[in-house]
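Each chain is listed here by its residues.
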Amino acid sequence: MTIINIADVAAHKTRDSAWLVLNGKVYDATKFLDEHPGGDEVILSECGKPDATEAFDDIGHSDEARALLADMLVGTVEGAAEIKQKPVPTRPAANTGPGFNAVLVPIALLGAYLAWRAYFLSP
Ligand code: HEM
């Protein structure tokens, strides 16, 4: 992964080369400017800035919009490890694993005990 200095990003804020910093990653939005549903001006106003994450997130961009970013990735901002990463929302993991069993197993045992008691100890 190419490491990009924030000063290099600042040099890419025109229609000829428009870089956008989102969550510590640098995206080349140049080719996308004309296709952007929100228009080119809004993107250009955020290009070259050290961080456009808030502006991008504030719009409430869809997962589809976020998926488009993958093809525009050019690198990671230098020192981006310290930037808090906001994960792309995905479907929550299935309810399995030790956390789930830790609840399910005692309930199953209790149920078995109650059934046994009702069957054998009923008058
Ligand atoms: C390369 C980065 C970007 C991509 C791939 C992108 C993509 C999209 C897409 C696909 C939509 C349609 C709605 C949706 O699916 O959410 C959209 C709408 C919009 N975007 Fe972006 N966008 C980017 C950057 C930005 C930036 C930096 C801004 C401004 C800060 C911005 C402002 C808007 C606005 C205002 C709309 C709403 C347009 C409307 O519904 O009238 N976008 N964007």
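This one's a predicted model, so the numbers in the text were calculated from it and none came from an experiment.

Rules behind the numbers
Residues numbered from 1 in each chain as written. Predicted model: local features only at pLDDT ≥ 70, side-chain atom pairs only at ≥ 80, totals over all residues. Heavy atoms only, no water. Donors = N, O, S within 2.8 Å, 3.2 Å for Na, K, Ca; no water. Tetrahedral: all angles 85-135°; square planar, octahedral: opposite > 155°, others 65-115°. Helix = DSSP H or I, 4+ residues; strand = E, 2+ residues; numbered from the N terminus. Near = heavy atom within 4 Å. Polar contact = N/O pair within 3.5 Å; in protein donor to acceptor, adjacent residues only side chain to side chain. 1 Å grid on protein atoms, 1.4 Å probe; cavity = no way out; pocket = protein on both sides within 12 Å on 5 of 7 lines; lining within 4 Å. Sits in = over half its atoms within 2 Å of the grid points. Patch = residues over 30% accessible without salt bridge, like charges linked within 9 Å, V, L, I, M, F, W, Y side chains within 5 Å. Areas by Shrake-Rupley, 256 points an atom, 1.4 Å probe, with all protein chains shown as cover. Salt bridge = Lys/Arg side-chain N within 4 Å of Asp/Glu carboxyl O. Buried < 20%, exposed > 50% of the residue type's maximum accessible area, 1.4 Å probe, protein only. Points joined across faces, edges and corners; volume = space filled by probe spheres on them. Contact = heavy atoms within 4.5 Å. Phe/Tyr/Trp six-rings, centres within 6.5 Å; stacked < 30°, edge-to-face > 60°.

Draft legend 1. A look at the coordination of the iron atom of the ligand. At 1.9 to 2.0 Å from the iron atom of the ligand lie its protein donor atoms, namely His36 (NE2) and His61 (NE2). Seen from the iron atom of the ligand, its six donor atoms lie at angles of 88 to 179°, and the figure they make is octahedral. Here His61 lies in the loop between α3 (53-58) and α4 (63-68) and His36 lies in the loop between β4 (25-28) and α2 (40-46), a separation of 25 residues in the sequence.

Draft legend 2. Spotlight on the site of the ligand. Around the ligand, the surrounding shell holds 18 residues, and the nearest of these are Phe32, His36, Pro37, His61 and Ser62. Measuring from a nitrogen atom of the ligand, one finds a side-chain N or O atom of His61 at 2.8 Å. A distance of 2.5 Å is found between an oxygen atom of the ligand and a side-chain nitrogen or oxygen belonging to Ser62. Applying the majority rule of atoms within 2 Å of the grid points places the ligand in the largest pocket. Within the residue set of the shell around the ligand, elements represented by two or more residues are α2, α3 and α4. Looking at the shell around the ligand element by element, the count peaks at three residues for α2.

Draft legend 3. Examining a nonpolar patch on the surface more closely. A surface patch of nonpolar side chains, amounting to about 830 Å² of accessible area, comprises Leu110, Tyr113, Leu114, Trp116, Tyr119, Phe120 and Leu121. The residue Phe120 is located in helix α5 (residues 98-120) in this model. Classification of Phe120 by relative accessible area gives exposed; the value is 53%.

Draft legend 4. Expanded view of the layout of surface pockets. Of the pockets and cavities examined, the largest pocket occupies roughly 390 Å³. What lines the largest pocket is a set of 18 residues, and nearest its centre among them are Leu20, His36, Ile43, Phe56 and His61. Those elements that provide at least two residues to the lining of the largest pocket are α2, α3 and α4. Residue contributions to the lining of the largest pocket peak at three residues, all from α2.

Draft legend 5. Molecular detail of the side chain of Glu46. Of note, Glu46 is situated in helix α2. Within the structure, Glu46 has its side chain in polar contact with the side chain of Lys49 (distance 3.4 Å). Aside from chain neighbours lying at most four places away, what touches Glu46 is Leu20, Ala52 and Ala55.

Draft legend 6. Spatial organisation of the packing of aromatic side chains. Using the criterion set out here, one finds three aromatic pairs in the structure. Ring geometry for Trp116 against Phe120: centres 5.8 Å apart, planes inclined by 45°, an arrangement best described as tilted. Here Phe120 and Trp116 lie together in helix α5, a separation of four residues that amounts to about one turn. When its relative accessible area of 44% is taken as the criterion, Trp116 is described as partly exposed. Residues Tyr119 and Phe120 carry aromatic rings whose centres are separated by 5.0 Å and whose planes lie at 85° to one another, so their mutual orientation is edge-to-face. You'll find Tyr119 and Phe120 in the same group, each marked exposed. Through a chain of ring-to-ring contacts, the aromatic side chains of Tyr113, Trp116, Tyr119 and Phe120 assemble into a single cluster.

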